[in-house]
Amino acid sequence: MSDAQQMPATQQARPTLTDGARNPLRWRALTVLGLFQFILVLDLTVVNVALPRIHDELGFTDAGLAWVVNAYVLTAAGLLLLGGRLADILGQRRIFLLGVIVFAVGSLACGAALSPGMLVGGRFVQGLGEALAAPAALGLIVLLFQDPRERMKALGIWGGLSGLGGVSGSVISGLLTDLADWRFIFLVNLPIALVAIVLVPFIVGKSRAAGAAQGVNFTGAVLGTLGLIGIVFGLLQIPASSWGSPQVLGPLLAGVALVGAMLLVESRSSQPLIPVRFFADRVRAITYAAIVVNSAVFFSYVFLLTLFEQQVLGFTPLQGGLSYLPLGLGIGAGLAISTALMPRAGSGPLLGLGLLGVAAGLLLSSGIDVGSSYAAGILPGMIVLGVSSGVLMPAAANAAFHGIADGDASLASAVQNVMAQVGGALGLAALVALSIGHARTLESAGAAAPVALTGGYALAFQVGAALVAVLGLVSVAVLRRRPAS
């Protein structure tokens, strides 16, 4: 009698990742994992519209309020690589569930916050939860879907859900802040976390990929995290200080030194966080650059447009949140286009097309002025940017796994997320600083405050459009003959 015949029926029926296309629960697993990924990305932007209410109720200073956003982004970006490697070593399902629990605890602390310190502390915990859960979840999907076409479709859905999560943050924040209470923007995470904790053990079996490395370089992870925090923190001080001030140069130089130390440690490590081969592949290298630049301009677009709507056009939080619905619909349309075309066109051409479309959307958006209406001044650029982002996101999600072995699946997903969040943090800091600096120059030259602010926003959109367009042209030239990964 074979081992399978001797095995109890319930154990025989339990799905495992090695079942590949025979696993009957893989699409259900994608639903649960994708829903939680939606929440993880949602929490990057869900606080934006609610920040004024949080400021007033908890007594934040203006500088301290920035940490409500930064604590989450910096912690998640700094520790994602470590989370990805731990998932590959200890098992994706185990690390995912641990991340979900940590994220739920952080969400509860944020929703129950009675002081600025408690809220910021909760955001740090949420960031740690994302750093563990996000790469493990994407690693699970890569291992669950062994068929190349099914994997392409699953990763396309995943990329689209991530994009929709980022856009939906502003809408949900506006609704909950105006109609209920800002605390619910964190508390809504709890039932979804509970669903994931209950269902994942039953629909996902063993999840450690064959061939995963057995070591992890904690020293490199700590140095890289601290260096990233230093660099981003320094950039975020630019709007309030000059480039040459100690408040900017101190964190920047310390961050660069720590990143240099991390590179030295990684080059001598037998188990580096990111093997050099990850960047030796031309498709992945260009894809990582595309993810960084697109995240930089996308984060900045939503942030600056929200300020334009509320500070210049006088939108309420609810109006501002609802104004982003076309962006979400555009991303959904772009996702459908991308997933339909990718099996025939490949991810490379769609990546370049998406980048050029994002640049066009930003350029249209840069035409705003103090007399702009929503329909004529905001909506055209928003639709073009939304559809183009929808085309870009699943293409990038597929291309970033070009040539990746199963043993590195979670690490590869962590690299994607790191690129996205580092790009968002750096881009937001740099483009916001550019916008504020230009606005101050215009105001000192005699322009009225609304005119000066609008000029700053428009310049930031124009610079972002130029950056994305250059990378889009490079992608079209280099990846035009690359097949889908």
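We now turn to the structure provided with this report. (Residues numbered from 1 in each chain as written. Predicted model: local features only at pLDDT ≥ 70, side-chain atom pairs only at ≥ 80, totals over all residues. Heavy atoms only, no water.)

1. Section: the overall build of the chain
And then number 1: The helix and strand tally for the chain stands at 21 helices and zero strands.
And then number 2: The buried share among the 485 residues of the chain stands at 56%.
And then number 3: In the chain, 84% of the contacts between residues at least 6 apart in sequence involve partners at least 24 apart.
And then number 4: For the chain, the exposed area adds up to about 18800 Å²; of that, 70% sits on carbon and sulfur atoms. (Helix = DSSP H or I, 4+ residues; strand = E, 2+ residues; numbered from the N terminus. Buried < 20%, exposed > 50% of the residue type's maximum accessible area, 1.4 Å probe, protein only. Contact = heavy atoms within 4.5 Å. Areas by Shrake-Rupley, 256 points an atom, 1.4 Å probe, with all protein chains shown as cover.)

2. Looking at the packing of helix H6 (residues 67–90) against helix H7 (residues 92–111)
And then number 1: Running from amino to carboxyl end, H6 crosses H7 at an angle of 150°, the nearest separation of the two axes being 8 Å. In terms of orientation, H6 lies roughly antiparallel with respect to H7. When you trace H6 past H7, the crossing you get is right-handed. Between H6 and H7, the contacting residues are Tyr72, Gly83, Leu86, Ala87, Asp88 and Leu90 on the first element and Gln92, Arg94, Ile95 and Phe103 on the second. (Axes fitted to C-alpha atoms, helices over the stretch in contact; angles between N-to-C directions. Parallel < 35°, antiparallel > 145°, perpendicular 65-115°, else oblique. Left-handed = near helix turned anticlockwise from the far one by under 90°.)

3. Re the side chain of Ser365
And then number 1: In this structure, Ser365 sits in helix H18 (residues 347–365).
And then number 2: In this structure the side chain of Ser365 is engaged in a polar contact, spanning 2.9 Å, whose partner is the backbone oxygen of Gly361.
And then number 3: Excluding its chain neighbours within four sequence positions, the residues that come into contact with Ser365 are Tyr301, Gly381, Met382 and Phe461. (Polar contact = N/O pair within 3.5 Å; in protein donor to acceptor, adjacent residues only side chain to side chain.)

4. Focus: the packing of aromatic side chains
And then number 1: Taken as a whole, this structure holds five aromatic pairs when the rule is applied.
And then number 2: An angle of 80° between the planes, with centres 5.8 Å apart, marks the rings of Phe36 and Phe96 as edge-to-face. Here Phe36 is found in helix H3 (residues 26–45), whereas its partner Phe96 is found in helix H7, with 60 residues between them in sequence. Phe96 shares its class with Phe36; the two are buried.
And then number 3: Taking the centre distance of 5.6 Å and the plane angle of 80° together, the rings of Phe36 and Phe103 count as edge-to-face. One end of the pair, Phe36, is in helix H3; the other, Phe103, is in helix H7, with 67 residues separating them in the sequence. (Phe/Tyr/Trp six-rings, centres within 6.5 Å; stacked < 30°, edge-to-face > 60°.)

5. Quick word on the packing of H7 against helix H11 (residues 189–203)
And then number 1: Two elements in contact, H7 and H11, have axes separated by 9 Å at closest approach and are oriented at 160°. One element, H7, and the other, H11, form an angle in the roughly antiparallel class. Pair H7 / H11 crosses with left-handed handedness. Where H7 abuts H11, its residues Arg93, Phe96, Leu97, Val100, Ile101, Phe103, Ala104, Ser107 and Leu108 lie against Asn189, Leu190, Ala193, Ala196, Ile197, Val200 and Pro201.

6. Points about the nonpolar core
And then number 1: One finds Phe36, Phe96, Leu119, Tyr301 and Leu362 to be the most contacted residues of the largest nonpolar core, which totals 126 residues.
And then number 2: Of all the elements, helix H15 (residues 282–312) adds the most residues to this core, at 14 residues.
And then number 3: Of all hydrophobic cores here, the second largest spans seven residues; its members include Ile231, Leu235, Ala429 and Ala433. (Core = buried A, V, L, I, M, F, W, Y, C linked by side-chain atoms within 4.5 Å.)

7. Observations concerning the pattern of salt bridges
And then number 1: This model, assessed by the stated rule, comprises two salt bridges.
And then number 2: The residue Arg123 makes a salt bridge to Asp43 at a minimum N-O spacing of 3.7 Å. Of this pair, Arg123 sits in helix H8 (residues 116–144) while Asp43 sits in helix H3, placing them 80 residues apart in sequence.
And then number 3: Residue classification places Asp43 among the buried residues on the basis of a relative accessible area of 0%.
And then number 4: Measuring nitrogen to oxygen at the nearest pair gives 3.2 Å for the salt bridge that ties Arg183 to Glu57. (Salt bridge = Lys/Arg side-chain N within 4 Å of Asp/Glu carboxyl O.)

8. Details of a nonpolar patch on the surface
And then number 1: Judged by side-chain polarity, Ile101, Val105, Val125, Leu194, Val195, Ile197, Val198 and Leu199 come together as a nonpolar surface patch covering roughly 600 Å² of accessible area.
And then number 2: Looking at the nonpolar patch, the elements that each hand over two or more residues are H7 and H11.
And then number 3: For the nonpolar patch, the leading source of residues is H11, giving five residues.
And then number 4: Following the sequence through the fold, Val105 ends up in helix H7. (Patch = residues over 30% accessible without salt bridge, like charges linked within 9 Å, V, L, I, M, F, W, Y side chains within 5 Å.)

9. Comments concerning the environment of Val418
And then number 1: Looking at the element boundaries, Val418 is found in helix H20 (residues 409–444).
And then number 2: The buried category is assigned to Val418, whose relative accessible area is 11%.
And then number 3: Between the alpha carbons of Val418 and Tyr288 there is a distance of 9.5 Å; along the sequence they are 130 residues apart.
And then number 4: Residues contacting Val418, with those up to four places away along its chain left out, are Ala77, Leu80, Leu81 and Gly423.

10. As for the environment of Gln92
And then number 1: Mapped onto the elements of the fold, Gln92 is located in helix H7.
And then number 2: For the pair formed by Gln92 and Leu140, sequence separation is 48 residues and the distance between their alpha carbons is 6.1 Å.

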